[in-house]
Amino acid sequence: MHGMHARLPVNFVLEERLERYADAIEISPTSYRGRWAEACWPLGDAAPGDWPDGIAGSTVEPGGWPALRKTLARLGEDEAAQTLHHAAAFREVRVDLGCGKGAFIIESAQREPDVLFVGVDAEPLCIAYTAQHIMEAGIRNAVAVPAAGNALPRIFAPGEVACIYLNFPTPYPRKREAAKRLVALERLFEYRDILATGGTIRLRTDSQPLRDFYLTQLKLAGYRVVHLSEDERAAHPDDPASEYELRLVAQGAQVLSVWATPGPGPAPEHVVQTASLSLVDYLPDDLFAGRYVPHGMQQTIVNLRNRKR
Ligand SMILES: C[S@@+](CC[C@H](N)C(=O)[O-])C[C@H]1O[C@@H](n2cnc3c(N)ncnc32)[C@H](O)[C@@H]1O
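Draft legend 1. Spatial organisation of helix H7 (residues 124-136). A rise of 1.5 Å per residue sets the reference length of H7, with its 13 residues, at 18 Å; its end C-alpha atoms lie 18 Å apart and thus fit the reference within 8%. Those residues of H7 not exposed but buried are Cys126, Ile127, Ala128, Thr130, Ala131, Gln132 and Ile134.

So, in structure tokens, the structure goes:
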């Protein structure tokens, strides 16, 4: 009984937050598939006279971006695409998958206003925070999408995404949870389908076991590694930091990174998983003795050290 009462306000606050920041949340992202760069272009910044034919004065009331998006939702997909044919568009679309509370896309969006940043997270509270931060910062080139990682092919068309950021993805170290990892083979095939030519997946993690598992999956899915660093902060000192990077670096983590791009030619067929699925199999022999233990593996390491003794 007590538990029920205690939970009500929490849910209420979440609903209220999602409502309040709804203009920065896209709840039917599949309807934008193939036209994110055009549909999210912030016409609100342009003078009404600059608006494309068919939108200026007629279909959209001044009110900018949210108003335009509502109009697009009303119009059919073809009509909307036609209407926007002559409109400007974002230079490219990038996805922050598992965006958390949004610090990374907020900073990224401010630095590159001609790029659209789509923050995707499966956790509604994270989406509420990301949307809040987008709106409070007055950002027009970022949007929050509540979705799971395996939904990307339904949200983006082939070739639509220039970059997928995977910042500190949840490691799910156990074998039976391996399919949930955003770096699992199945996901890598899906990412291949939506990446533009020359597009990249950029992983940043504190976890050497997750990184090494990822390298096996990249190879199986036919990707080419274009950048590998054991100290990404030093390699790209000016890149924005995510919440987890700040938090884990303060605890002693080093940021490991892998950038990969689909290899030339079509995706490999009939691929069989040959890699070990438990992250325990990627641990160093000394079990990180005297060093930083990756997030999410502390208990595993304690147990293994006890067993060794
Ligand atoms: C460790 S946090 C990292 C958050 C942020 N990227 C950062 O670096 O601060 C992992 C995030 O991924 C999200 N997540 C985990 N599995 C996911 C999945 N299958 N699809 C979408 N989001 C997922 C979680 O909700 C969480 O917000």
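Draft legend 2. Expanded view of the state of the cysteines. Per the counting criterion, the structure on display carries zero disulfides. Just so you know, Cys126 is unpaired, no disulfide at all, and the nearest cysteine sulfur is the one on Cys99, 6.8 Å from it.

Draft legend 3. A look at the environment of Ala137. Tracing the backbone shows Ala137 in the loop between H7 and strand S3 (142-146). Spatially, the C-alpha atoms of Ala137 and Glu107 are 9.8 Å apart, while their sequence positions differ by 30 residues. Setting aside chain neighbours within four positions, we find Ala137 in contact with Ile106 and Gln110.

Draft legend 4. Representation of the pairing of strand S2 (residues 115-121) within the structure. The buried fraction of S2 is high, at seven of seven residues. Here S2 shows a buried face lined by Val115, Phe117, Gly119 and Asp121 and a second buried face lined by Leu116, Val118 and Val120. Handedness of the crossover joining strand S1 (residues 92-97) and S2 through helix H6 (residues 103-111) is recorded here as right-handed. As paired elements, S2 and S3 share five bridges and run parallel to each other. Bridged to Val118 within S3 is Val143. Between S2 and its parallel partner S3, the chain crosses via H7, and the hand of that crossover is right-handed.

What counts as what
Residues numbered from 1 in each chain as written. Predicted model: local features only at pLDDT ≥ 70, side-chain atom pairs only at ≥ 80, totals over all residues. Heavy atoms only, no water. Helix = DSSP H or I, 4+ residues; strand = E, 2+ residues; numbered from the N terminus. Expected span 1.5 Å × (residues − 1). Buried < 20%, exposed > 50% of the residue type's maximum accessible area, 1.4 Å probe, protein only. Disulfide = S-S within 2.5 Å. Contact = heavy atoms within 4.5 Å. Right-handed = clockwise from strand over helix to strand, strands pointing away. Pairing = 2+ DSSP bridges.

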